Amino acid sequence: MKLTLSDSDTQTILAKLATSNQLHSSLYPGDSSDRQQVHTVYGGANLFKAGAAQKLGSLAVKALNTYAGDFCSLARILQLHGFESLPLTHAEAVKLGEAVAANPAQMKEANPAAWLAYTVYDRVMKKLEREPIEDSRIDFEDGYGNRPDVEEDADAVRSAEQVAQGMEEKTLPPFIGIRIKTFTEECRARSVRTLDLFLTRLAELTSSKLPDNFIITLPKVTHPEQVSALADLLDIIEEKCGYAAQSIKLEIMIETTQAIIDADGSNQVRVLAAAARGRCRSAIFGTYDYTATCNITAAYQTHTHPASDFARHVLQVSCAGTGITISDGATTVMPIGPHKGELSTQQQLENAAVVHSAWKLHYDNIMHSLRHAYYQGWDLNPAQLPIRYAAVYSFFLQGLPDASKRLEAFIGKAAQATLVGNTFDDAATGQGLLNFFLRGIACGAITEEEAVATGITMDELRSRSFVHIVSNRAHG
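Everything quoted here is computed from the prediction, not taken from an experiment. (Residues numbered from 1 in each chain as written. Predicted model: local features only at pLDDT ≥ 70, side-chain atom pairs only at ≥ 80, totals over all residues. Heavy atoms only, no water.)

Engineer: Now, about helix H9 (residues 224-241): what can you tell me, with residues and values included?
Structural biologist: Taking 1.5 Å per residue, 18 residues should reach 26 Å; H9 reaches 26 Å between its end C-alpha atoms and fits that length. Among the residues of H9, those classed as buried are Pro224, Gln226, Val227, Leu230, Ala231, Leu234, Ile237, Glu238 and Cys241. When H9 is viewed along its axis, its buried side chains cluster within an angular range of 160° and face the same direction. Along H9, the residues that are exposed and aim more than 90 degrees away from the buried face are Glu225, Glu239 and Lys240. Tucked into the core, H9 has its buried residues touching helix H8 (188-206), strand S4 (214-218), strand S5 (249-254) and helix H10 (269-274). Phi turns positive, to about 90°, at glycine 242, one or two residues after H9. (Helix = DSSP H or I, 4+ residues; strand = E, 2+ residues; numbered from the N terminus. Expected span 1.5 Å × (residues − 1). Buried < 20%, exposed > 50% of the residue type's maximum accessible area, 1.4 Å probe, protein only. Arc of directions from axis to C-beta. Contact = heavy atoms within 4.5 Å.)

Engineer: I'd like to hear about the sheet that holds strand S2 (residues 135-139), residue by residue, with values.
Structural biologist: In space, the 8 strands of this open sheet follow the order S7-S6-S5-S4-S3-S2-S1-S8, with parallel pairing throughout. Each edge of the open sheet is held by one strand with a lone partner, namely strand S7 (325-327) and strand S8 (377-379). Direction aside, the axes of adjacent strands within the sheet are offset by 30° on average. In the sheet, strand S1 (residues 39-44) pairs with S8 via 3 bridges, with the strands oriented parallel. Residue pairing for S8: threonine 40 is matched across the bridge by tryptophan 378. (Pairing = 2+ DSSP bridges. Axes fitted to C-alpha atoms, helices over the stretch in contact; angles between N-to-C directions.)

Engineer: Can you break down the nonpolar core residue by residue, with the values?
Structural biologist: Across soluble globular proteins, nonpolar side chains show a tendency to be buried alongside one another. Residues Leu64, Leu74, Leu78, Trp359 and Phe437 are the most contacted members of the largest nonpolar core, which totals 69 residues. It is helix H14 (residues 385-419) that contributes the most residues to this core, 15 residues altogether. In contact with leucine 64, other than residues within four places in its own chain, are Gly69, Leu74, Tyr121, Val124, Met125, Leu128, Trp359 and Pro386. Ile176, Ile180, Val221 and Val269 belong to the second largest nonpolar core, which has 53 residues in total. (Core = buried A, V, L, I, M, F, W, Y, C linked by side-chain atoms within 4.5 Å.)

Engineer: Before we move on, could you go through the side chain of glutamate 450 and cite the residues and values that matter?
Structural biologist: Structurally, glutamate 450 can be placed in helix H16 (residues 448-452). Here the side chain of glutamate 450 touches threonine 447 through a polar contact of 3.0 Å, landing on its backbone nitrogen. Excluding its chain neighbours within four sequence positions, the residues that come into contact with glutamate 450 are Trp115, Arg123, Leu397, Leu400, Phe437 and Ala445. (Polar contact = N/O pair within 3.5 Å; in protein donor to acceptor, adjacent residues only side chain to side chain.)

Engineer: Summarise a nonpolar patch on the surface; cite the residues concerned and give the values.
Structural biologist: Residues Ile13, Leu14 and Leu17 make up a contiguous nonpolar surface patch of roughly 290 Å² in combined accessible area. According to the relative accessible area criterion, isoleucine 13 is exposed, its value standing at 56%. (Patch = residues over 30% accessible without salt bridge, like charges linked within 9 Å, V, L, I, M, F, W, Y side chains within 5 Å. Areas by Shrake-Rupley, 256 points an atom, 1.4 Å probe, with all protein chains shown as cover. Salt bridge = Lys/Arg side-chain N within 4 Å of Asp/Glu carboxyl O.)

Engineer: Can you tell me about the environment of aspartate 149, naming the residues and giving the values?
Structural biologist: Tracing the backbone shows aspartate 149 in helix H7 (residues 149-169). With 44 residues separating them along the chain, aspartate 149 and arginine 193 place their C-alpha atoms 9.6 Å apart.

Engineer: Describe the packing of helix H2 (residues 52-67) against helix H13 (residues 345-371), and please don't skip the residues or the numbers.
Structural biologist: Across the interface, H2 lies against H13 with an axial gap of 11 Å and an inter-helix angle of 115°. In this structure, the crossing between H2 and H13 has a hand that is left-handed. Here H2 contributes Ala63, Leu64 and Tyr67 to the contact with H13, which in turn contributes Asn351, Ala352, Val355, His356 and Trp359. Residue composition of the contact of H2 with H13, by class: 6 nonpolar, 2 polar and no charged. (Left-handed = near helix turned anticlockwise from the far one by under 90°. Nonpolar A, V, L, I, M, F, W, Y, C, P; charged D, E, K, R; others polar.)

Engineer: Which residues make up the pairing of strand S6 (residues 280-285), and what are the values?
Structural biologist: The buried count for S6 comes to 5 of 6 residues, which makes it a mostly enclosed element. Note that S5 and S6 share 5 bridges and pair parallel. By the bridge assignment, methionine 253 is partnered in S6 with isoleucine 284. The β-α-β motif built from S5, the intervening H10 and the parallel element S6 has right-handed crossover chirality. As paired elements, S6 and S7 share 3 bridges and run parallel to each other. By the bridge assignment for S7, serine 282 is matched with threonine 325. (Right-handed = clockwise from strand over helix to strand, strands pointing away.)

Engineer: Give a detailed account of the pattern of salt bridges, specifying residues and quantitative values.
Structural biologist: Inspection of the entire model under this criterion finds 34 salt bridges. Where glutamate 134 meets arginine 35, a salt bridge forms, and the shortest distance between an N and an O atom there is 3.3 Å. With glutamate 134 in the loop between helix H6 (112-130) and S2 and arginine 35 in the loop between helix H1 (7-27) and S1, this residue pair connects regions lying 99 residues apart in the sequence. Of the residues examined, glutamate 134 reaches a relative accessible area of 0% and is grouped as buried. Residue class for arginine 35 comes out partly exposed when judged on its relative accessible area of 27%. Aspartate 142 is the salt-bridge partner of lysine 220, the closest N and O atoms lying 3.2 Å from each other.

Engineer: If you had to explain the pairing of S5 to someone new, which residues and values would you point to?
Structural biologist: With respect to burial, S5 is a largely interior element, 5 of its 6 residues being buried. Pairing of S4 with S5 involves 4 bridges; the strand directions are parallel. Within the sheet, the bridge partner assigned to leucine 218 lies in S5 and is isoleucine 252.

Engineer: Report on the packing of aromatic side chains, specifying residues and quantitative values.
Structural biologist: Each aromatic ring pair is summarised here by two numbers: the centre-to-centre distance and the angle between the ring planes. For the coordinates displayed, the defined rule picks out 11 aromatic pairs. With centroids separated by 5.5 Å and ring planes inclined at 80°, the aromatic side chains of phenylalanine 436 and phenylalanine 437 adopt a geometry described as edge-to-face. The cationic tip of lysine 108 hangs over the ring face of tryptophan 115; the distance from NZ or CZ to the ring centre is 4.6 Å. Across the ring face of tyrosine 144, the terminal group of arginine 147 is positioned such that the distance to the ring centre comes to 4.4 Å. (Phe/Tyr/Trp six-rings, centres within 6.5 Å; stacked < 30°, edge-to-face > 60°. Lys NZ or Arg CZ within 6 Å of the ring centre and 35° of its normal.)

Engineer: A description of the packing of H7 against H8 should follow, citing residues and the corresponding values.
Structural biologist: Direction vectors running N to C along H7 and H8 enclose 35°, while the axes themselves pass 8 Å from each other. When the axes of H7 and H8 are compared, the crossing they make is right-handed. The segment H7 lies against H8, with Asp149, Glu152, Asp153, Ala156, Val157, Ser159, Ala160, Glu161, Val163, Ala164 and Met167 engaging Arg190, Arg193, Thr194, Leu197, Phe198, Arg201, Leu202, Leu205 and Thr206. When its residues are assigned to classes, the contact of H7 with H8 shows 10 nonpolar, 3 polar and 7 charged.

Shown next as structure tokens:
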């Protein structure tokens with residue numbers, strides 16, 4: 001065959017291309033395959049205790065039992081798929097639930113609405129008993145407020161002591177961290193002092209060991225120097241307190257318009273993340289502060305406002321392929337009834353109406369996030385926890401049949417292409433399908449049995465790499 005280009009023609013050009021490809025790969029190493037929590041629960045530092053996760057789980061179960069006594073009730077409140085066909089009385093719901101539990105595979109085919117509602121409810125209850133909180137943030141910012149210095153000093157030290165106790169007793173959630181105040185002129189000195197007190201006391205008590213997946217949250221970031229300042233401070237603290245270098249990670253909160261578009265009109269998100277010098281693990285969108293900086297009035301500062309979606313999309317595109325995870329904001333309407341104490345029947349009904357309305361709003365907001373590929377969000381109250389898991393579980397369970405078929409076919413197609421010497425270019429899509437199962441299993445939405453029904457093995461899933469799975473099958 002005749003060629004026009006000689007080696008001398010292509011050598012310099014391809015060398016430049018190789019350099020640029022390597023640079024691109026270093027900037028976009030791919031999304032992390034590590035577990036990502038489905039939520040972060042924020043609570044004031046003055047309230048934090050080592051066993052807080054278990055207490056919040058008990059309160060969540062109580063709320064679910066009080067305001068949704070069975071799976072049919074919860075399905076109606078949230079309007080799960082097919083809820084209209086479910087029985088209205090508790091006795092009928094119990095009978096139907098027993099039928100689903102006795103033969104879930106058969107009921108999944110015969111009555112999919114009942115299977116979905118029962119499975120979601122059952123797995124939510126088990127999650128609340130086993131691991132009610134996936135991520136906790138000890139809050140010294142909005143959830144804590146401005147207090148006298150002596151009080152915040154004491155809470156910084158006390159919360160570090162509680163974290164150390166939780167590490168010893170193994171009662172901490174799998175992810176945990178603290179949110180300090182902003183690095184604005186008004187708050188920076190107080191913020192740094194709290195950071196120092198907490199990490200210094202923790203190092204004293206734990207021989208400079210951190211909890212698993214520990215992180216520092218920096219709120220209301222507006223320019224990269226704030227992030228680099230935190231990274232500089234962590235360098236010093238690690239060295240002086242004996243923590244391993246680069247072990248303390250941080251996350252940035254995108255809550256202002258300046259954090260999206262800078263003064264020059266450029267995308268600011270990647271610049272902010274880069275300022276952390278490898279410490280930035282995630283970027284969090286703050287719905288209500290962001291919409292406020294857009295001058296949107298309070299009545300319209302909603303989770304689903306178009307301005308919020310614009311910011312989400314910028315954040316998503318900026319972090320895609322970098323290994324930095326993204327998280328959505330909170331629902332600020334709390335599921336708390338207005339009446340306390342001994343209640344009349346009318347007051348009980350009024351409480352239920354308020355809670356159910358807040359639950360449905362929270363569910364809709366979470367589903368909005370999930371549809372936009374935001375798999376993590378905030379929770380602010382224990383009564384929100386059942387709805388967080390109900391939304392996540394219904395999302396994964398409804399997507400399970402299609403994802404199962406696609407993953408099974410995809411692995412076969414990729415392995416066949418490899419065997420005959422062809423290049424299979426769509427590994428990213430295969431990894432996305434794999435991540436669906438990894439996320440679902442990690443949070444309890446999908447069982448291991450449901451995952452391996454696709455033909456994949458748990459060892460392959462634990463490898464967390466679609467490319468490795470295909471390669472091993474092709475050469476196994």
